[in-house]
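Overview (structure and organization)
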Amino acid sequence: MQEPQELCTSELSAGVIKRATTLADGRELFYYDDPGTTLGAERAVDARTLDPRPDTAHMRLDVLTGDWITVAANRQNRVMMPSADADPLAPQTPTNPSEVPSLYDVAVFENRSPAFGPALPEGFGGVPVAANPPRGLDDLAALGLERSRTSVGRCEVVCFSPDHSGSFGTQSVTRARTVIEAWADRTAALSQIPGIEQVFPFENRGEAIGVTLPHPHGQIYAYPYVTPRTARALESIERTAPDLYQRILESEQASERVVFRGEHWTAFVPFAARWPLEVHLMPHRHVPDFAATTVAERDELAPLYLKLLKGVDALYETPTPYIAAWHQAPVNVGRETVRLHLQLTSPRRAADKLKFLAGSEAAMWAWAAEVTPEQGAARIREAIERAENHSAKNDSAEELTA
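A brief look at the structure comes next. None of the values given here were measured: they were computed from a predicted structure. (Residues numbered from 1 in each chain as written. Predicted model: local features only at pLDDT ≥ 70, side-chain atom pairs only at ≥ 80, totals over all residues. Heavy atoms only, no water.)

Residue Pro-118 is bonded to the preceding Gly-117 through a cis peptide linkage, with omega at 15°. Tracing the sequence through the fold places Pro-118 in the loop between strand S8 (106–110) and helix H1 (137–141). Although it is not a glycine, Glu-146 adopts a positive phi angle of roughly 55°. Turning to its location among the elements, Glu-146 is positioned in the loop between H1 and strand S9 (148–150). Residue Glu-146 is classed as exposed on the basis of its relative accessible area, which comes to 81%. (Helix = DSSP H or I, 4+ residues; strand = E, 2+ residues; numbered from the N terminus. Buried < 20%, exposed > 50% of the residue type's maximum accessible area, 1.4 Å probe, protein only.)

Take a look at the structure:
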């Protein structure tokens, strides 16, 4: 291990401390310390000898749909399900030259094999300047044969814990709150980077989803365009009303599809859910992204989100694979109309069965759902109750043996 160094430090809300440094190849690394952490202020220097960062990928326009497809060949050789002693997201040891030099609570760093970046449209933080960057949203919207642009942007890894296995749902309320603070801080910072049009925090959980590392972690993508799903939402808002998200929330709150409701957040299975398991979690007021949430909203979100994830895992005897997608408003458009919300989806339709996107869904984008949203909401409510009862029994048993 290398000699420790003191880092650039700032205090965030909820007592979270942020410490900024760089890795051996110049990528940024941020530590987010829990309130009351036992970790000291110093962190080890990353003394590895690393290859230069790969060239930035490029993206090509699908002229029939208007979608931009990123071609990132550097991602082909990513690490696949390594053993614990070779975990690239664990703190470095003398035998494991991982990505994070020191023990940590939460760590965020630039992805070594990104789909977007490191190049940007203009000079920023020492990263390379793209040769053929997008030239604004109008440029991206223009249709034409064989159009391509550099995939400017940024991809970050968010490590929820130094443990080798787990997920967001296995963290404590304190740790969940630290991660939420990191999401808010990184959303604000990434939104200021030149060429970034949308910021997307997410977690892939389980091999059935395609996860390549069992370490509890998520990612943040900073896109050079407004994503297709958000673009469709903006079109619907334009055709209906600017308060469409509020209307959706009120409609769902009046239905039997509500999973639970807090002071600031409501979880529900949407009226037209596609997946066998799909839950949305939405704030009660208009909030474009995590950076705009209040301390009270973040404080309540930590236990509520864990409650939802523990319920999802209580559906079956084994953990449920899922994609936890935090949709946020674009950086430069739709700030007053697109609302932050979670879309949690799983292809698991039974204990031993998965929904595969075959002909109709994959080729024609025409979905057929096997579970009604009302049935799905009832199942999740029951699973949450089981999980809470199980937790209460464990707590009582611990008190008796204490």
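There's more to say after this.
Following the sequence through the fold, Thr-21 ends up in strand S3 (residues 17–22). According to the relative accessible area criterion, Thr-21 is buried, its value standing at 14%. Beyond its immediate sequence surroundings of up to four residues, Thr-21 is in contact with Gln-5, Leu-7, Arg-27, Glu-28, Leu-29 and Tyr-31. (Contact = heavy atoms within 4.5 Å.)

Moving on: the environment of Ala-231. Relative to the helices and strands, Ala-231 resides in helix H3 (residues 228–239). A sequence separation of 99 residues divides Ala-231 from Pro-330, and the C-alpha atoms of the two residues are 9.4 Å apart.

The next subject is the sheet that holds S8. If you trace the twelve strands from one edge of the open sheet to the other, you get S2-S3-S4-S8-S10-S12-S11-S16-S17-S15-S14-S13, paired in antiparallel fashion. Only two strands of the sheet have a single partner each, and these edge strands are strand S2 (8–11) and strand S13 (258–261). Strand-to-strand twist of the sheet, defined as the mean angle between neighbouring strand axes without regard to direction, takes the value 20°. Here five bridges tie strand S11 (residues 198–205) to strand S12 (residues 217–223), and the two strands are oriented antiparallel to one another. Counted as the bridge partner of Phe-202 is Gln-219 from S12. (Pairing = 2+ DSSP bridges. Axes fitted to C-alpha atoms, helices over the stretch in contact; angles between N-to-C directions.)

We now examine a positive patch on the surface. Together, Arg-229, Arg-232, Arg-239 and Arg-274 give the surface a local cluster of positive charge. Its place among the elements puts Arg-229 in helix H3. We classify Arg-229 as partly exposed; its relative accessible area is 38%. (Patch = residues over 30% accessible without salt bridge, like charges linked within 9 Å, V, L, I, M, F, W, Y side chains within 5 Å. Areas by Shrake-Rupley, 256 points an atom, 1.4 Å probe, with all protein chains shown as cover. Salt bridge = Lys/Arg side-chain N within 4 Å of Asp/Glu carboxyl O. Lys, Arg positive; Asp, Glu negative; His and termini not counted. Charge placed at Lys NZ, Arg CZ, Asp CG, Glu CD.)

In this section: the pattern of salt bridges. Tallied over the entire structure, the rule returns 29 salt bridges. Notably, a salt bridge pairs Arg-285 with Glu-297, separated by 2.6 Å at the nearest N-O pair. On the criterion of sequence distance, the pair formed by Arg-285 in the loop between strand S15 (277–283) and helix H5 (295–313) and Glu-297 in helix H5 is long-range, its members being twelve residues apart. Assessed through its relative accessible area of 37%, Arg-285 is described here as partly exposed. One connected set of salt bridges, linked through shared partners, spans Asp-25, Arg-27, Asp-46, Arg-48, Glu-99 and Arg-112.

Turning our attention to the packing of helix H2 (residues 173–190) against H5. It is at 9 Å that the axes of H2 and H5 come closest, and there the two elements cross at 125°. The orientation of H2 with respect to H5, classified from their angle, is oblique. Along this stretch, H2 crosses H5, giving a crossing that reads as right-handed. On H5, the residues that touch Val-173, Ala-176, Arg-177, Ile-180, Glu-181, Trp-183 and Ala-184 of H2 are Val-295, Arg-298, Asp-299, Leu-301, Ala-302, Pro-303, Tyr-305 and Leu-306. Taken together, the residues of the contact of H2 with H5 break down into eleven nonpolar, no polar and four charged. (Parallel < 35°, antiparallel > 145°, perpendicular 65-115°, else oblique. Left-handed = near helix turned anticlockwise from the far one by under 90°. Nonpolar A, V, L, I, M, F, W, Y, C, P; charged D, E, K, R; others polar.)

With that settled, consider a nonpolar patch on the surface. A contiguous nonpolar patch, built from Val-63, Leu-64, Leu-143 and Leu-145 and spanning about 480 Å² of accessible area, is present on the exposed surface. Mapping Val-63 onto the fold places it in the loop between strand S6 (58–62) and strand S7 (67–71).

Further remarks concern the state of the cysteines. Counting across every chain of the model gives zero disulfides. This cysteine, Cys-159, is not joined by any disulfide, and Cys-155 carries the nearest cysteine sulfur, 15 Å off. (Disulfide = S-S within 2.5 Å.)

This brings us to helix H4 (residues 244–253). Considered for burial, the residues of H4 that qualify are Leu-244, Tyr-245, Leu-249 and Glu-252. In a view along the axis of H4, the buried residues occupy a sector of 140°, so they form one face of it. Residues of H4 that are buried make contact with H3, S13, strand S14 (265–268), S15 and strand S17 (341–346). (Arc of directions from axis to C-beta.)

For the rest of this paragraph, the subject is the nonpolar core. Of all hydrophobic cores here, the largest spans 55 residues; its most connected members are Phe-168, Trp-183, Val-259, Tyr-305, Trp-326 and Leu-344. Per element, the largest residue contribution to this core is eight residues, and it comes from H5. Those residues in contact with Val-259 that lie beyond four places of it in its chain are Ala-267, Phe-268, Val-269, Val-279, Ala-377, Ile-380, Arg-381 and Ile-384. Counting residues in each nonpolar core, the second largest holds 13 residues, with Trp-68, Ala-115, Tyr-221 and Ala-325 among its members. (Core = buried A, V, L, I, M, F, W, Y, C linked by side-chain atoms within 4.5 Å.)

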